[in-house]
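As a plain string of letters, each chain reads:
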Amino acid sequence: MSKTTIPAGGITDSAVTTAKINADAVTAAKIADDAISEEHIDATAITGSTELAATPADTDEILISDAGTLKRIDFSHLDASKFKQVATVSVTSAQGALTFASCFTSTYQNYFVIFNNLKVATNGADVNMLFHYGDSNGNDSSNHNYSFIRRYPSSTDATNENNANDIKFLQAQKSGAGHFAHGTMYVFNPLSTTDGVTSGTILSQGNTNDGTGAQMTVLAFNMPEAGSNSAYTGFQFSASTGNIQGDITVYGIVNPS
Amino acid sequence: MTTIATPEGIREMTAQEQANYDARQKRWADASASRKLARIKFLRKERLEATDYMANSDVTMPDYIKTWRQTLRDLPQNNTTESQYDTLLEQNADDSLKHSIWTQPTE
């Protein structure tokens, strides 16, 4: 028969078995400070929790031992990546333009763009870039100044363009199966309204349509003041004639600390 | 209406976007002849540069090369219409240029 009273002399050391303690009877107040060590934590503390199936938010917290003292730390302090994806466009059918109205914000000063699998729908079309202002795909920049070196297998073309309608970074592309263009672009200070501060570079490769062969272009642009439209909030890639398809991803570069 | 690809998806162009698109098509069409002439001049430049070394004092430039180079130099003045430009820029199925002027003579 179970005893309901404590015998004279008290309970013998180590005599209380697990079965004698009711489920959930031990409250947080009854656990000594600093008493929960690694041997008392099971892996299910992690595996049994709900999964966060996404990149943590900057303010999500992680537990860390700071020289022996447990502290919480925001994920933002652990994220060492300096390129943050801000926008992407991906289409495998030709469109009038691949465009970003407002990918440039005050969060980042400079941007990195990767473009893959660009293909013009019209054989011989160039691939052009221009900026948008006022968060609108309809507001196009003008007066583009740029310099480029375009290398073909057996020759080089190098020149400057002033006040051009677009920034032409690939010339006379070949359309059709298996002909894609790829490259990268840096955009510096797109929101600046100071003459000449917005600038950038483009490195691209593609296929020329007239048998001249593969082409590689290194291009640098510097945006002039053009009325009130020099704070550029986005950009677009387009074909000089007809449509274009491809993948473009824009990354904000974390500002220097 | 032409469609446009944005981070939010594919949609029809706004009136302003369509106007910009149409202006781009018109600029391309309007510049057709000048673009072809520029292409001819670039192809000419490639070929002249490829044979420039023959003008060195220690090399004798063959007469057939001199004649070819002069023909190349005269291309713009002897070809002034877009139709003539098209003939010069006509391509074979393998994308190579069809017109014989672009092939360096061997004798």
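I will try to describe carefully the structure that is included in this document. Just so we're clear, the structure is a prediction, and the values are computed from it rather than from any experiment.

**Remarks on the environment of A:Ser142**
Part 1 of the reasoning: Relative to the helices and strands, A:Ser142 is located in the loop between β6 (127–133) and β7 (144–151).
Part 2 of the reasoning: A:Ser142 sits 81 residues away from A:Met223 along the chain, and the two C-alpha atoms are 8.8 Å apart.

**Some points on a nonpolar patch on the surface**
Part 1 of the reasoning: A grouping of A:Ile6, A:Ile11, A:Val16, A:Ile21, A:Val26, A:Ile31, A:Ile36 and A:Ile41 is seen on the molecular surface, where their side chains present a nonpolar patch of about 750 Å² in accessible area.
Part 2 of the reasoning: Within the secondary structure layout, A:Ile6 lies in the segment before α1 (44–47).

**Quick notes on the sheet that holds strand β5 (residues 110–120) of chain A**
All names here are of chain A.
Part 1 of the reasoning: Pairing in this open sheet of 8 strands is antiparallel, and the strands run β3-β14-β5-β10-β11-β12-β7-β8 from one edge to the other. Edge positions in the sheet fall to β3 (83–95) and β8 (156–164), since each has one partner strand and no second. Neighbour-to-neighbour, the strand axes of the sheet open up by a mean angle of 15 degrees, direction not taken into account.
Part 2 of the reasoning: Across 7 bridges, the pairing between strand β10 (residues 181–188) and strand β11 (residues 199–207) is antiparallel.

**Side note on the packing of helix α2 (residues 32–51) of chain B against helix α5 (residues 82–89) of chain B**
Residue and element names in this part refer to chain B.
Part 1 of the reasoning: Contact geometry of α2 with α5 gives a least axis separation of 10 Å together with a crossing angle of 40 degrees. On the basis of their axis angle, the class for α2 and α5 is oblique. For the crossing formed where α2 meets α5, the hand is left-handed. Counting all contacts with α2, which are made through Ser 32, Ala 33, Lys 36, Leu 37, Arg 39, Ile 40 and Leu 43, the residues of α5 involved are Glu 82, Tyr 85, Asp 86, Leu 88 and Leu 89.
Part 2 of the reasoning: Its residues placed into classes, the contact of α2 with α5 shows 7 nonpolar, 1 polar and 4 charged.

**Some details on α2(B)**
Part 1 of the reasoning: With 20 residues, α2(B) should reach 28 Å at 1.5 Å per residue; the first-to-last C-alpha distance of 29 Å fits that figure.
Part 2 of the reasoning: What α2(B) keeps buried is the set B:Ser32, B:Arg39, B:Ile40, B:Phe42, B:Leu43, B:Arg44, B:Glu46, B:Arg47, B:Leu48 and B:Thr51.
Part 3 of the reasoning: On its buried face, α2(B) sits against β8 of chain A together with α1 (15–30), α3 (63–73), α4 (75–78) and α5 of chain B.

**Considerations on the interface of chain A and chain B**
Part 1 of the reasoning: Each side of the interface is counted separately: chain A has 38 residues, and chain B has 25 residues.
Part 2 of the reasoning: A combined buried area of about 2300 Å² lies between chain A and chain B, and 45% of that area is made up of carbon and sulfur atoms.
Part 3 of the reasoning: Counting across the chain A and chain B interface gives 1 salt bridge.
Part 4 of the reasoning: With a closest N to O distance of 3.6 Å, A:Asp166 and B:Arg27 form a salt bridge.
Part 5 of the reasoning: Taken together, chain A and chain B are joined by 14 residue pairs in polar contact (both at pLDDT 80 or more).
Part 6 of the reasoning: The set of elements that each furnish at least two residues to the side of chain A that touches chain B consists of β3, β4 (98–100), β8 and β13 (232–239) of chain A.

**Here we look at α5(B)**
All names here are of chain B.
Part 1 of the reasoning: Among the residues of α5, Tyr 85, Leu 88 and Leu 89 are the ones counted as buried. Along α5, the residues classed as buried sweep out an arc of 90 degrees about the axis, all on the same side.
Part 2 of the reasoning: Lining the buried residues of α5 we find α2 and α4.

**Quick word on the side chain of B:Gln25**
Part 1 of the reasoning: Checked against the element boundaries, B:Gln25 lands in helix α1.
Part 2 of the reasoning: One polar contact links B:Gln25 to A:Thr241, side chain to side chain, over a distance of 3.2 Å.
Part 3 of the reasoning: With near-sequence residues (within four places) excluded, B:Gln25 lies in contact with A:Thr241 and A:Gly242.

**Quick notes on the layout of surface pockets**
Part 1 of the reasoning: Reported here for the largest pocket is a volume of approximately 1000 Å³.
Part 2 of the reasoning: A:Asp126, A:Lys168, A:Gln171, B:Trp28 and B:Arg35 are the residues nearest the centre of the largest pocket, which is lined by 36 residues in total.
Part 3 of the reasoning: Elements with a minimum of two residues in the lining of the largest pocket: β7 and β8 of chain A together with α1, α2 and α5 of chain B.
Part 4 of the reasoning: A per-element tally of the lining of the largest pocket places α2(B) first, with 7 residues.
Part 5 of the reasoning: Class assignment for the residues of the lining of the largest pocket results in 10 nonpolar, 14 polar and 12 charged.

Definitions and cut-offs
Residues numbered from 1 in each chain as written. Chains lettered and ligands numbered in written order. Predicted model: local features only at pLDDT ≥ 70, side-chain atom pairs only at ≥ 80, totals over all residues. Heavy atoms only, no water. Helix = DSSP H or I, 4+ residues; strand = E, 2+ residues; numbered from the N terminus. Patch = residues over 30% accessible without salt bridge, like charges linked within 9 Å, V, L, I, M, F, W, Y side chains within 5 Å. Areas by Shrake-Rupley, 256 points an atom, 1.4 Å probe, with all protein chains shown as cover. Salt bridge = Lys/Arg side-chain N within 4 Å of Asp/Glu carboxyl O. Pairing = 2+ DSSP bridges. Axes fitted to C-alpha atoms, helices over the stretch in contact; angles between N-to-C directions. Parallel < 35°, antiparallel > 145°, perpendicular 65-115°, else oblique. Left-handed = near helix turned anticlockwise from the far one by under 90°. Contact = heavy atoms within 4.5 Å. Nonpolar A, V, L, I, M, F, W, Y, C, P; charged D, E, K, R; others polar. Expected span 1.5 Å × (residues − 1). Buried < 20%, exposed > 50% of the residue type's maximum accessible area, 1.4 Å probe, protein only. Buried area = accessible area lost by both parts, 1.4 Å probe. Polar contact = N/O pair within 3.5 Å; in protein donor to acceptor, adjacent residues only side chain to side chain. Arc of directions from axis to C-beta. 1 Å grid on protein atoms, 1.4 Å probe; cavity = no way out; pocket = protein on both sides within 12 Å on 5 of 7 lines; lining within 4 Å. Points joined across faces, edges and corners; volume = space filled by probe spheres on them.

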